[in-house]
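# Descriptive analysis of the structure
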Amino acid sequence: MGDSVSEYTTRLQEQEREIRCLSAEIDSLRNPQSLDPSPQLNELREENARLKYRLNILKKSLQEERSHCSKSMMNINQRLQEIFGEAIRAACPELENPPLAVTPNQQAKFGDYQCNSAMAMAQMLKAKGVKVNPREIAEKIVQNIPDNELIQKTEIAGPGFINVHLKRTFVSKLLTNLLLNGVQPPPLASKKKVVVDFSSPNIAKEMHVGHLRSTIIGDSMCRLFEFLGYDVLRLNHVGDWGTQFGMLIAHLQDKFPDYLSVSPPIGDLQAFYKESKKRFDEEEEFKKRAYQCVVRLQSKDPDFIKAWNLICDVSRKEFQKVYSCLDIQLIERGESFYQEMMNAVVKELEEKGVVELDEGRKIVFAPGQSIPLTVVKSDGGYTYDTSDLAALRQRIFVENADIIIYVTDSGQGTHFQLVFAAAQMIGWYDPQVTRVEHAGFGVVLGEDKKKFKTRSGETVRLMDLLEEGLKRSMDKLVEKDRHNVLTPDELTKAQRSVAFGCIKYADLSHNRINDYVFSFDKMLDDRGNTAAYLLYAFTRIRSIARLASLDDSTLRKAAETTEVLLDHDKEWKLGKCILRFPEILQKILDDLLLHTLCDYLYELATTFTEFYDSCYCVEKDRQTGEVIKVNMWRMLLCEATAAIMAKGFDILGINPVQRM
């Protein structure tokens, strides 16, 4: 599919370029002042007529190309922006970069979309000393709207709002395209490489609730980029290097002296870590040995590397339990991966002349930043600053990443600001070309609005939280008597779907920048904007086809032969809502705020409920309960809704089930 999409995109771009060139040529021929009266005038007029004819042919072919739907879903908002962009440039050619504002209309009675550019354009003209009424500008914009496949009519309202009504037949065609080809992303101009750095727990420490947000948000971002066709590298930047490994290895040698030949049975790594830390703080001799172990580890002594690997492996197994529950795929590339690269980073910074000495430390000030980065400590060791610079350098120059996203708590925002500023200062990347961004998030709070802790004040272990979720999810299903309806296998699938879906959705449905209150009661409530509500809604939609005894092949044939009618207000509202999906994804691509997708899925589910309550899909005999009529175009609207919801769930990392 990728080849045909790129070929289609290239053809569109070539045709649009040719149209622009021809339009410019016609404009120059239209201006009699620039033509000296000469014998060639008639020839030029004939050429002008030929150009106009060719221009119209090209415009028609471009329109046919567009209306002959490709397999991809169309971003209606983007297409309207192209149409209005052309109209605005033609209406006010004297304005440089005129504002372009097209949004869905909030009130259906005023139309489907609205262009609000006229008022801002009037302000720009006023600044140039030209006073024009915004309504006049709106009228000129409307007069210059090019022929297109999707606008039925426009109306000017108020001070200069342009209300846009879409062609129902075209919206119907887009829905048919979706039903026949599935939920396909809009074509990509070029396939970019994306690196997402997320989760990143520390070796020898338990994953806690703080890692939950990074893991869930990072995974969902990766799923979005993957769906849109980007080449995504999912990196787990684990804390697997540093002085703490000295005390862990020294403790390992004492507790399991034969660790080189017999694998040590470290069951509880957290307890093991606490024991070694206690000794490190209290026993001077042990502390000295721990430092010696660090030196031996850093010099790559094989016995010490083996001890280090043993400790890392125990942690990896624990991390994997969490990742398996949440269906997370990651490539581990911890701090140790970048150790050898740090020397080169410091050398490059020194050669560029940006390193300053400060009480034995080597520091770097980036432009506009009041805090320096410490790249070498006074004892000659490296820091987080050095390893993050090395990681960024590797991702830019070795991975050739076009987009690099760090998903960590907002508390690390200043640190990343310094790292990015230093990297730009020494010319590693241009922010206009390479997108490097810190996607920060707030903390998880308990229901008392304080940091989420256990009753004893400990940080909540992530596995404990997930197990509690499973227990509560089963309680909820039993309360609804589902254990008497579902098979044991279906019940287990429903339990996992609800438990992990609710935990993910509760996180993703909040603006990630804000703190959020963790509450099992709220997230398992099947009313309101929760995963429980959406999962139940999805299974209900899927059950409508079963009720009408329609299998996939029957629905497929119907999609090929049945026009999706949108005559009822609720059919029209649902059809438009379904087709807003690409616009929603584009917005998230721009701001990396995933709650927009959650809000959209909730709106889609509630819009579907309105439609289902008002429009009969399946009509039954009231006495016998027998199906007497199936309104197939409405069944297709049900299918399209379910398809979009399923893809939305997939991007959020939620696994819906057919029966619940």
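Along each chain, residue indices are assigned from 1 in the same order as the chain's sequence is written. Local features in this predicted model are restricted to residues whose pLDDT is 70 or higher, and side-chain atom pairs enter the listing and the counts only when it is 80 or higher, whereas totals over whole chains, interfaces and linings include all residues. Heavy atoms from the whole structure form the basis of all side-chain values; hydrogens and water molecules are not counted.

### A closer look at the side chain of Thr539
Applied cut-off: Working definition: helices are DSSP H or I runs of at least four residues, strands are E runs of at least two. Numbering for both runs from the N terminus. Note on exposure labels: buried denotes an accessible area under 20% of the residue type's maximum, exposed denotes more than 50%, and partly exposed covers the range between, all computed with a 1.4 Å probe on protein chains only. Residue contacts are defined here by distance: any two heavy atoms, one from each residue, within 4.5 Å place the two residues in contact.
By the element assignment, Thr539 lies in helix α18 (residues 531–547). The class of Thr539 is buried, set by a relative accessible area of 8%. Other than its neighbours up to four places away in sequence, Thr539 contacts Val657, Gln658, Arg659 and Met660.

### Overview of the sheet that holds strand β3 (residues 151–157)
Whenever strands of a sheet pair, they do so through backbone hydrogen bonds, lying parallel or antiparallel. Which entries qualify depends on this criterion: Only strands that DSSP links by at least two bridges are regarded as paired with each other. For every element, the axis is a line fit to its C-alpha atoms; helices are fit only across the contacting stretch, and the angle between N-to-C directions ranges from 0 to 180 degrees.
Judged by pairing direction, the sheet is antiparallel, and its four strands sit side by side in the order β1-β2-β4-β3 without closing on themselves. Two strands in the sheet have a free side with no partner beyond their single neighbour: β1 (102–104) and β3. Strand-to-strand twist in this sheet, taken as the mean axis angle between neighbours without regard to direction, amounts to 25°. Inspection of the sheet shows β1 paired to strand β2 (residues 113–115) by three bridges, in the antiparallel sense. The partner of Pro104 across the bridge, within β2, is Tyr113. The strands that helix α3 (residues 76–91) touches are β1, β2, β3 and β4 (161–166); relative to β1, the one it contacts most, it runs at about 145°.

### Thoughts on the sheet that holds strand β9 (residues 361–364)
The strand order across the open sheet formed by three strands is β8-β9-β10, and the pairing between neighbours is antiparallel. Looking along the sheet, the strands with just one partner apiece sit at the ends: β8 (355–358) and β10 (373–376). Geometrically, the sheet is characterised by an average inter-axis angle of 45° between neighbouring strands, direction not taken into account. Bridge count between β8 and β9: four bridges; the pairing is antiparallel. Bridge pairing links Glu356 to Ile363 in β9. Against the sheet, helix α12 (residues 339–351) makes contact with β8, β9 and β10, and its axis sits at roughly 115° relative to β10, the strand it touches most.

### Regarding the packing of aromatic side chains
Counted only if it meets this: Stacked, tilted and edge-to-face are the three classes assigned to paired rings of Phe, Tyr and Trp, where Trp is represented by its six-membered ring and a pair needs centres within 6.5 Å; plane angles under 30 degrees give stacked, over 60 edge-to-face, the rest tilted. By the criterion adopted, a ring carries a charge over it if an Arg CZ or a Lys NZ lies within 6 Å of its centre and within 35 degrees of its normal.
This structure, assessed with the given rule, holds 16 aromatic pairs. Centre to centre, the rings of Phe538 and Phe649 are 5.6 Å apart; their planes meet at 80°, and the pair counts as edge-to-face. Note that Phe538 is positioned in helix α18 and Phe649 in helix α23 (residues 632–652), a separation of 111 residues in sequence. Its relative accessible area of 1% is what places Phe649 among the buried residues. Joined through ring pairs, the aromatic side chains of Phe227, Phe581 and Tyr600 make up one cluster. Over the aromatic face of Phe280 sits the side chain of Lys287, whose NZ or CZ is 5.3 Å from the ring centroid. Lying across the ring of Tyr536, Lys480 places its NZ or CZ 5.7 Å from the centre.

### Regarding the packing of helix α7 (residues 209–227) against α23
The angle between the axes and the distance between the axes are what describe a pair of packed helices. The condition that has to hold: Note that the term roughly parallel is reserved for angles under 35 degrees, roughly antiparallel for angles over 145, roughly perpendicular for angles of 65 to 115, and oblique for everything else. Residues were grouped as follows: Ala, Val, Leu, Ile, Met, Phe, Trp, Tyr, Cys and Pro as nonpolar; Asp, Glu, Lys and Arg as charged; and all remaining residues, including Gly, as polar.
Packing of α7 against α23 brings their axes to within 7 Å, and their N-to-C directions diverge by 130°. By the criterion of interaxial angle, the relationship of α7 to α23 is oblique. Contact residues: α7 offers Ser220, Arg223, Leu224 and Phe227, while α23 offers Lys647, Asp650, Ile651 and Leu652. Residues belonging to the contact of α7 with α23 are distributed by class as follows: four nonpolar, one polar and three charged.

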